[in-house]
Amino acid sequence: MNIYLKLTLLVVAMGLFNTSSADELTFINAQNAKDNNNYKQAVLLFTEAAEQGYLDANYLLALMYLEGDGVKQDYNQAFYWFTKSAEQGHTTSQINLAVMYSNGTGVPESHERAAYWYKKAAHLGHVEAQFSLAERYRLGFGVQQSNKRAFWWYIQAAGRGSVKAEKMLERF
């Protein structure tokens, strides 16, 4: 048993941290394991933290599977972990699901499902999602074409600093 795991168990057993702190400690230990190229331990600890509800663990575990980073590339696992965190409001996971659906990466290509996830992230203020959603409305890609909605989402993205959205607004 490595030193990080021993310390985690000792701290939790002593009741020094509440559950959320223990989850965070597991997550930190997972990051340390990954940084030290101990991928097997990292996957175990990220999985443990993810199952305890730590959103960033879901996301990083999904990325490892998506990119084959220290694990065998597995789009099904990536999709599973992205979905778990996306459903809880993790905007970057929502974007990743949108991209997976747009490209048909590990899932059947569905521009409607991609738009669904872009909308979720856009409503939570994710600037790239706002721009992507504006583009989809402008082109009618996975959504009903609407210049009015495209314009509105370009304004939202521009308001958050998107230069691309500002350039698109100049066209309207």
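We now turn to the structure provided with this report. (Residues numbered from 1 in each chain as written. Predicted model: local features only at pLDDT ≥ 70, side-chain atom pairs only at ≥ 80, totals over all residues. Heavy atoms only, no water.)

Regarding the overall build of the chain
When helices and strands are counted, the chain shows ten helices and zero strands. By residue count, 43% of the 172 residues in the chain fall in the buried class. A separation of at least 24 residues holds for 39% of the contacts in the chain among residues at least 6 apart in sequence. With an accessible surface of roughly 9500 Å², the chain has 51% of that area assigned to carbon and sulfur atoms. (Helix = DSSP H or I, 4+ residues; strand = E, 2+ residues; numbered from the N terminus. Buried < 20%, exposed > 50% of the residue type's maximum accessible area, 1.4 Å probe, protein only. Contact = heavy atoms within 4.5 Å. Areas by Shrake-Rupley, 256 points an atom, 1.4 Å probe, with all protein chains shown as cover.)

Here we look at the pattern of salt bridges
The full count for this structure, using the stated rule, is three salt bridges. A salt bridge links E128 to K164, with the shortest nitrogen-to-oxygen separation between them at 3.2 Å. In this pair, E128 is assigned in helix α8 (residues 127–139) and K164 in helix α10 (residues 163–171), connecting sequence segments 36 residues apart. Assessed through its relative accessible area of 41%, K164 is described here as partly exposed. In this structure, the salt-bridge partner of R138 is E135, at a minimum N-O distance of 3.1 Å. On the criterion of helical spacing, the pair formed by R138 and E135 is a turn pair, its members being three residues apart in helix α8. (Salt bridge = Lys/Arg side-chain N within 4 Å of Asp/Glu carboxyl O.)

With respect to the side chain of H111
Its place among the elements puts H111 in helix α7 (residues 111–123). Residue H111 is classed as buried on the basis of its relative accessible area, which comes to 18%. A polar side-chain atom of H111 sits 3.1 Å from a polar atom in the side chain of E109. (Polar contact = N/O pair within 3.5 Å; in protein donor to acceptor, adjacent residues only side chain to side chain.)

Thoughts on the packing of aromatic side chains
Here the structure, examined in full by the defined rule, presents ten aromatic pairs. The rings of F131, F151, Y154 and F172 are connected pair by pair, giving a single aromatic cluster. Residue placement shows R113 over the ring face of Y116; its charged tip is 4.6 Å from the ring centre. (Phe/Tyr/Trp six-rings, centres within 6.5 Å; stacked < 30°, edge-to-face > 60°. Lys NZ or Arg CZ within 6 Å of the ring centre and 35° of its normal.)

Examining the nonpolar core
By size, the foremost hydrophobic cluster in this structure holds 48 residues, and its most contacted members are F46, A57, Y65, F82, Y118 and Y154. Ranked by residue count, the leading element in this core is helix α4 (residues 55–67), at eight residues. If near-sequence neighbours (up to four positions away) are discounted, Y118 is found in contact with I95, A98, V99, S102, A129, S132, L133 and R136. (Core = buried A, V, L, I, M, F, W, Y, C linked by side-chain atoms within 4.5 Å.)

Some thoughts on helix α5 (residues 75–86)
Here α5 is twelve residues long and its end C-alpha atoms lie 16 Å apart, about the 16 Å a rise of 1.5 Å per residue gives. Taken together, the buried positions of α5 are occupied by A78, W81, F82, T83, S85 and A86. Measuring from the backbone nitrogen of N76 back to the side-chain oxygen at the start of α5 gives 3.0 Å, which picks out D74 as the cap. (Expected span 1.5 Å × (residues − 1).)

Digging into a nonpolar patch on the surface
There is a patch of nonpolar side chains on the surface, built from F151, I155 and F172 and spanning about 260 Å² of accessible area. Secondary-structure assignment places F172 in the segment after α10. (Patch = residues over 30% accessible without salt bridge, like charges linked within 9 Å, V, L, I, M, F, W, Y side chains within 5 Å.)

A few points about unusual backbone geometry
Positive phi outside glycine occurs at N37, with the angle close to 60°. Tracing the chain through its elements places N37 in the loop between α2 (19–35) and α3 (39–51).

Structural notes on the packing of α4 against α5
Interhelical geometry of α4 versus α5 gives an angle of 160° and a closest axis separation of 8 Å. Taken as axis vectors, α4 and α5 run roughly antiparallel relative to one another. In this structure, the crossing between α4 and α5 has a hand that is left-handed. Contacts between α4 and α5 involve L55, N58, Y59, L61, A62, L63, Y65 and L66 on the former and, on the latter, Y75, Q77, A78, W81, F82, K84 and S85. Among the residues forming the contact of α4 with α5, the class breakdown is eleven nonpolar, three polar and one charged. (Axes fitted to C-alpha atoms, helices over the stretch in contact; angles between N-to-C directions. Parallel < 35°, antiparallel > 145°, perpendicular 65-115°, else oblique. Left-handed = near helix turned anticlockwise from the far one by under 90°. Nonpolar A, V, L, I, M, F, W, Y, C, P; charged D, E, K, R; others polar.)

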